[in-house]
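# Geometric and topological summary
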Amino acid sequence: MRELGEHLRHWHAAATTYALATVIGVRGSAPRAVGTTMAVSASGQVRGSLSGGCVEGAVYEECLRVLESGAPVQHTFGYSADDAFAVGLTCGGELDVFIHRVTAAEYDTIDATLDPERPVALVRDLESGAMVAVRADRTVGGPADPAVIAHARAMLETATSAVRTIGCADRERTVFVASFAPPPRMIVFGATDFTTALCRVGRLLGYRVTVCEPRPVFADRARLPEADEVVRDRPDRYLAGTQVDSRTVICVLTHDPKFDVPVLAAALRLPVAYVGAMGSRRSDRERREHLRDNGITDRQLRRLHSPIGLELGGRTPEETAVSIGAEIVAVRRGGSAQPLSATERPIHADPGLAS
């Protein structure tokens, strides 16, 4: 839902009533993840998408009915083999979609979820449509049962989004909890033409991109307009002092052993999602030997993606950046990195979590 933030804030400023349609469950091969949201205003404007086109028309019509009635509804959309023109997912999966009306009384609750830097869980009661935004230190909206709030905070800690049935003081309540974590980090070491292109790809993939460059002449903010921040520091020193987590990706593009080896030796000891380094096959072999000399084990070296990127045959910085981004997606999602036409796996095997 955060990708709709600008639009929703504009509607809030204009006191617009709208319906939110949210994917609360996915089975099989489906194009979008749990937590994906589409919004429809009372005047018929649409923001966002749930399926890339398969069911949008039917969801739109249902949103208009919910806007008129005020009663929340839940629908399942799946593939109909009997009628090729039936509303459903041609990919063969199923989506559970919850639709409810948002009025001015709930704007603060929605607004509390839109800050991309603040972790928050948005809880929706699937019977009444009532919402509460749950942060680590407080709640916005509600009221909500303490058991629901405690459960939502536990799910927020693990960035989990799902439907849960929770035993409360009066009765069981079925809620959908959408956890919104800050964007994952991409840390790029070295400010080159390849870095400029990779910053664009990183932002496209939803990363907060930091470029670290030790040489003052290259650590120029104007050269890297797509980076969220540019830091001038020695790579290994910066990495030792910055925060990373299991979603962080590290790309070493300095192509200089005096910078590469120390930062890679540090990165391969961290519990991050991806570590890649640019260089020829010859430089990669030499770099791996230097890393072994620095105490990196063969098991740790197997985590190193070097030479960085998938073999797409590209040459330009932009093509290289696409190959790096593709490898990151494959590692992140467990993809085979093979052409879809050469595999039999479900195209959307792992829909992932809300972000």
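The model shown is predicted, which means the values in this text are computed figures rather than measured ones.

Thresholds applied
- Residues numbered from 1 in each chain as written.
- Predicted model: local features only at pLDDT ≥ 70, side-chain atom pairs only at ≥ 80, totals over all residues.
- Heavy atoms only, no water.
- Helix = DSSP H or I, 4+ residues; strand = E, 2+ residues; numbered from the N terminus.
- Buried < 20%, exposed > 50% of the residue type's maximum accessible area, 1.4 Å probe, protein only.
- Pairing = 2+ DSSP bridges.
- Axes fitted to C-alpha atoms, helices over the stretch in contact; angles between N-to-C directions.
- Contact = heavy atoms within 4.5 Å.
- UniProt positions renumbered as here; feature names shortened; annotations may be inferred.
- Parallel < 35°, antiparallel > 145°, perpendicular 65-115°, else oblique.
- Left-handed = near helix turned anticlockwise from the far one by under 90°.
- Nonpolar A, V, L, I, M, F, W, Y, C, P; charged D, E, K, R; others polar.
- pLDDT = per-residue confidence, 0-100.
- Salt bridge = Lys/Arg side-chain N within 4 Å of Asp/Glu carboxyl O.

## Examining the overall build of the protein chain
A count of helices and strands for the protein chain gives 10 helices and 16 strands. Summarising its shape, the C-alpha atoms of the protein chain cover approximately 65 × 50 × 40 Å along the three principal directions. Looking at the 355 residues of the protein chain, the share that counts as buried comes to 46%.

## Side note on the sheet that holds strand β8 (residues 139-141)
Read across the open sheet, the five strands follow the order β8-β7-β6-β10-β9; overall the sheet is antiparallel. Edge strands, defined here as strands with exactly one partner in the open sheet, are β8 and β9 (162-167). Neighbouring strand axes in the sheet, compared pairwise and without regard to direction, differ in orientation by 30° on average. In this structure, strand β6 (residues 120-125) lies alongside strand β7 (residues 131-134), joined through four bridges in antiparallel fashion. Following the sheet pairing, V123 is matched in β7 by V132. Where helix α4 (residues 146-157) meets the sheet, it contacts β6, β7, β8, β9 and β10 (172-180), and its direction lies at approximately 145° from that of β9.

## A few points about the UniProt feature "domain: XdhC Rossmann" (unreviewed entry) in the protein chain
According to UniProt, the feature "domain: XdhC Rossmann" (unreviewed entry) maps to residues 186-328 in the numbering used here. When the span residues 186-328 is considered, its composition is 41% helix and 15% strand, and the gap between its end C-alpha atoms is 10 Å.

## A word on the packing of helix α5 (residues 193-204) against helix α10 (residues 317-333)
Axis separation between α5 and α10 bottoms out at 8 Å; the angle between their running directions is 50°. Classed by the angle they form, the pair α5 and α10 counts as oblique. Here α5 runs over α10; the crossing is right-handed. Counting all contacts with α5, which are made through D193, F194, A197, L198, R200 and V201, the residues of α10 involved are P317, E318, T320, A321, V322, I324 and G325. When its residues are assigned to classes, the contact of α5 with α10 shows eight nonpolar, two polar and three charged.

## Quick word on the confidence of the model for the protein chain
In this model, the protein chain carries an average pLDDT of 88, and 91% of its residues clear a pLDDT of 70 or more. Mean pLDDT across the elements of the protein chain bottoms out in strand β4 (residues 73-78) (86) and peaks in strand β14 (residues 249-252) (98). Below pLDDT 50 for its whole length, residues 80-89 participates in 18 contacts with residues either more than four positions away or in separate chains. Per-residue pLDDT stays below 50 along residues 350-355; that stretch engages in 16 contacts with residues further than four places along the chain or on separate chains.

## Observations concerning unusual backbone geometry
The omega torsion across S306 and P307 is 0°, close enough to zero to call that bond cis. A positive phi angle, close to 55°, is found at H255, a residue other than glycine. Inspection of the secondary structure assignment puts H255 in the loop between β14 and α7 (257-267). Residue H255 is classed as partly exposed on the basis of its relative accessible area, which comes to 48%. With a phi angle near 65°, A337 is a residue other than glycine that sits in the positive phi range. The exposure class of A337 is partly exposed, given its relative accessible area of 43%.

## Some points on the sheet that holds strand β2 (residues 37-41)
Across the sheet, which stays open at both edges, the five strands sit in the order β3-β2-β1-β5-β4 with antiparallel pairing between neighbours. In this open sheet, the two strands that pair with only one neighbour each are β3 (46-48) and β4. For this sheet the average axis-to-axis angle between neighbouring strands, irrespective of direction, equals 20°. Sheet strands touched by helix α1 (residues 5-13): β1 (18-27), β2 and β3. Its angle to β2, the strand with the most contacts, is close to 30°. Here helix α2 (residues 56-69) sits on the sheet in contact with β1, β2, β3, β4 and β5 (94-102), set at roughly 30° to β5.

## Considering the pattern of salt bridges
Scanning the entire structure with this criterion turns up 16 salt bridges. A salt bridge links K258 to D256; the nearest nitrogen and oxygen atoms lie 2.7 Å apart. What makes D256 buried here is its relative accessible area of 19%. Residues joined by salt bridges that share partners form a network here, namely E289, R292 and D298.

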